[in-house]
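This is what each chain is made of:
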Amino acid sequence: MMDSAILDAFFEECEDLLVALSDGLADMREGLADDETLNAVFRSVHSIKGAAGAFSLEDVVGFAHIFETVLDDVRSKKLATDEALLRVLQRAGDILANLIDAARDNLPADRDQVDPVLRELESFLSTDDLVEEEFVFEALTLSFDTPDSGTDFEVSFHPSAEFYAAGNDPALFISALHDLGPCTVQAETVKLPTDLADFDWTKGYLTWHVVVADQQNDLAIREIFEFADDLCALKVHETAKDDPQPDAVSLPEEVETVPEPDLDPAQAAPPSTQKPSKKPASTLRVDPERVDRLINAVGELIINQSVISQRIEEASLPNSSELYGDLDNYKLLAREIQEGVMAIRAQPVKPLFQRMLRIAREAADATGKDVNLVTDGEATEVDKIVVERLADPLTHMIRNAIDHGIEKPEERAKTDKPSTGTLRLTASQRSGSIVIEIIDDGKGLNRERIKEIAVSKGLISADAQLSAQEIDHLLFAPGFSTATEVTNLSGRGVGMDVVKTAITALGGRIAINSIAGQGTTFSITLPLTLAVMDGMIIHVGGQTMVVPITSILETIRPASTDLAQIGLDNQLLRIRGDYVPIIDLAERFGVAPQSPSLTDRVLLLIQTESVSQCAIAVDDILDQRQVVVKSMQGTYGEITGISGATILGDGKIALIIDPDAIAAGQGNALSTQIRAQKEDAYATT
């Protein structure tokens with residue numbers, strides 16, 4: 001059985017190759033492709049096919065083989081890249097990615113999806129191409145000596161112990177080289193122990209020298225070693241056809257990958273014309289569990305720093321004590337380590353967005369709609385766990401937007417819209433959070449229909465008076481669906497509640513903004529990381545709590561002239577000529593504040609997705625510091641208004657406030673009441 005670690009490495013490499021393939025196909029679709037782009041696209045498919053063959057993934061190999069044949073005809077100018085071909089190539093890229101996903105999950109290929117695209121690819125090939133491809137599949141084990149043409153290359157490679165530990169076999173690499181052309185092979189055995197009793201199978205003793213004849217360049221040779229070039233010392237250089245076989249040379253003990261052939265000084269180009277060789281980017285793959293352990297250790301370091309700070313404060317040392325300076329240095333170092341560790345687990349959302357491109361194209365084909373998906377902010381980096389857990393909710397929302405939001409071409413024509421709908425997927429960093437938006441230019445939400453369905457399902461009463469925002473959020477009710485029939489995309493009772501649950505589990509929130517006839521925007525706000533955050537330590541009714549710094553605009557100690565009243569007992573804060581609602585956090589949690597008067601307390605002016613501005617009343621502010629976020633959902637489930645907990649320096653547990661949930665209820669109602677009074681005032685004037 002193949003080692004799962006080797007398979008995992010293969011699938012990780014495939015992810016990178018699929019990104020390169022998607023980028024290249026997108027450039028081709030936009031008319032930006034040059035010869036290097038075409039070569040990169042071809043290499044991606046060819047590399048996937050070659051590596052998949054080593055794992056006997058026949059569905060992937062078979063499809064990729066036809067795919068690369070079409071691409072090879074494009075490279076050689078046998079095929080013109082018109083719109084029909086580009087559309088098929090893009091769909092072929094999607095199918096290849098789906099086949100790899102199926103292989104990763106050990107599932108059979110969906111032939112209903114694969115075969116139609118395979119037939120479309122074959123329709124672009126000539127009869128000779130198809131006969132040749134069929135012959136190749138039936139005669140993979142045969143080799144042919146071809147007339148002398150092209151250049152001979154010598155390949156020298158010394159496998160390391162890791163090469164063999166990963167399950168590699170030099171014979172397979174030599175066989176692959178032989179498939180490229182006539183070969184001569186020489187094994188260097190000088191490192192073999194003279195006494196077989198000293199033989200250690202975990203060490204790499206042999207160095208192999210293979211001369212591959214009649215090659216146009218060394219590209220195909222290097223592709224053979226693409227998945228093992230960091231596991232062996234590799235040199236590839238051009239040789240003259242009449243040169244004698246090179247003498248065996250000992251390679252250095254250290255394993256080193258040489259990306260370019262060594263040149264004799266006499267052959268080197270002059271300094272003014274010689275191009276500097278581009279050093280390949282170096283990456284290090286690390287087991288996620290190791291990173292998680294490191295992150296947990298950093299969390300404990302930050303807690304330890306809080307404990308030390310608390311102990312020093314309790315010791316009542318003079319401010320001039322050098323210990324305070326040492327503590328500040330400790331804090332800075334802890335923050336630097338924390339940010340560095342977080343950066344290790346951060347990754348761009350680009351692979352996720354490109355997966356959504358596939359989902360969008362499949363959904364558009366399934367619904368018979370023309371949809372153009374535009375992405376922006378693909379370089380935005382998010383915690384790897386966040387990216388992984390976003391895949392399912394984003395898939396649901398993309399399909400939902402295409403199925404329910406964007407109209408069919410004939411319907412769009414009636415409203416003077418272009419026949420092709422546009423779906424935008426964007427990512428950006430705002431105030432220490434990640435914001436992902438799904439924006440469609442469809443018909444918008446039908447709020448009357450939503451309310452009717454909610455009444456029929458018993459979610460609200462028939463005479464309920466709801467604001468537009470409250471109606472929109474009915475979409476998140478369990479089992480809510482506006483679909484009238486069951487399709488491949490919707491109507492099975494799995495609604496947007498799944499999306500909200502997934503986003504909430506990540507410590508995020510989701511908001512809706514919809515305009516009838518113009519479209520709908522779903523905004524997802526997520527924390528940059530799930531482990532550590534900057535928080536403001538507050539006191540509420542004798543309890544210590546934490547408010548995320550990212551949601552606080554400013555802190556205010558109000559005077560009596562800054563306060564106003566609306567209704568019987570609702571307070572407002574007058575600030576810069578405007579009024580914002582005040583929410584008493586002690587009252588919200590059912591505890592008694594230290595003082596009933598707001599002038600003796602502190603107001604935190606916050607901004608959330610549901611309320612533009614809102615003031616939260618607390619008893620006092622104690623400190624501002626980094627805190628380690630601990631989830632409570634596994635133990636207590638979802639608690640409205642609480643996003644998690646942390647451990648303070650004195651060992652006590654402090655709850656972390658969710659400002660958006662706090663403001664969503666009372667704050668939203670008061671904001672609506674304020675707007676209504678303003679409108680009445682304007683009407684009377």
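Residues numbered from 1 in each chain as written. Predicted model: local features only at pLDDT ≥ 70, side-chain atom pairs only at ≥ 80, totals over all residues. Heavy atoms only, no water.

Draft legend 1. Up close: the packing of helix α4 (residues 83-104) against helix α12 (residues 350-367). Put simply, α4 and α12 touch, their axes get as near as 10 Å, and they point 110° apart. What the angle tells us is that α4 and α12 run roughly perpendicular. Considering only the axes of α4 and α12, their crossing is left-handed. Along its contact with α4, which presents Gln-90, Arg-91, Asp-94, Ala-97, Asn-98 and Asp-101, the element α12 presents Arg-358, Arg-361, Glu-362 and Asp-365. (Axes fitted to C-alpha atoms, helices over the stretch in contact; angles between N-to-C directions. Helix = DSSP H or I, 4+ residues; strand = E, 2+ residues; numbered from the N terminus. Parallel < 35°, antiparallel > 145°, perpendicular 65-115°, else oblique. Left-handed = near helix turned anticlockwise from the far one by under 90°. Contact = heavy atoms within 4.5 Å.)

Draft legend 2. View of the packing of aromatic side chains. Under the counting rule described, the total for this entry stands at 5 aromatic pairs. On the basis of an interplanar angle of 25° and a centroid distance of 5.3 Å, the ring pair of Phe-173 and Phe-225 is categorised as stacked. Of this pair, Phe-173 sits in helix α8 (residues 170-180) while Phe-225 sits in the loop between α9 (219-224) and β4 (232-239), and the two are 52 residues apart along the sequence. The residues Phe-173 and Phe-225 share a single accessibility class, namely buried. Here a set of aromatic residues connected by ring pairs shows up, and it is made of Phe-157, Phe-163, Phe-173 and Phe-225. Over the aromatic face of Phe-42 sits the side chain of Arg-75, whose NZ or CZ is 3.7 Å from the ring centroid. (Phe/Tyr/Trp six-rings, centres within 6.5 Å; stacked < 30°, edge-to-face > 60°. Buried < 20%, exposed > 50% of the residue type's maximum accessible area, 1.4 Å probe, protein only. Lys NZ or Arg CZ within 6 Å of the ring centre and 35° of its normal.)

Draft legend 3. Broad picture of unusual backbone geometry. Unusually for a residue other than glycine, Asn-106 sits at a positive phi of about 60°. Mapped onto the secondary structure, Asn-106 falls in the loop between α4 and α5 (111-122).

Draft legend 4. Structural view of the sheet that holds strand β11 (residues 519-527). Sheet architecture is open: 5 strands sit in the order β6-β8-β9-β11-β10, paired in mixed fashion. Of all the strands in the sheet, the pair left with one neighbour each is β6 (371-376) and β10 (509-515). Direction aside, neighbouring strands of the sheet carry axes that sit 15° apart on average. Against the sheet, α12 contacts β6 and β8 (421-430), and its axis sits at roughly 170° relative to β6. In this fold helix α13 (residues 384-405) packs onto β6, β8, β9 (433-440), β10 and β11, with an angle of close to 20° to the strand it touches most, β9. (Pairing = 2+ DSSP bridges.)

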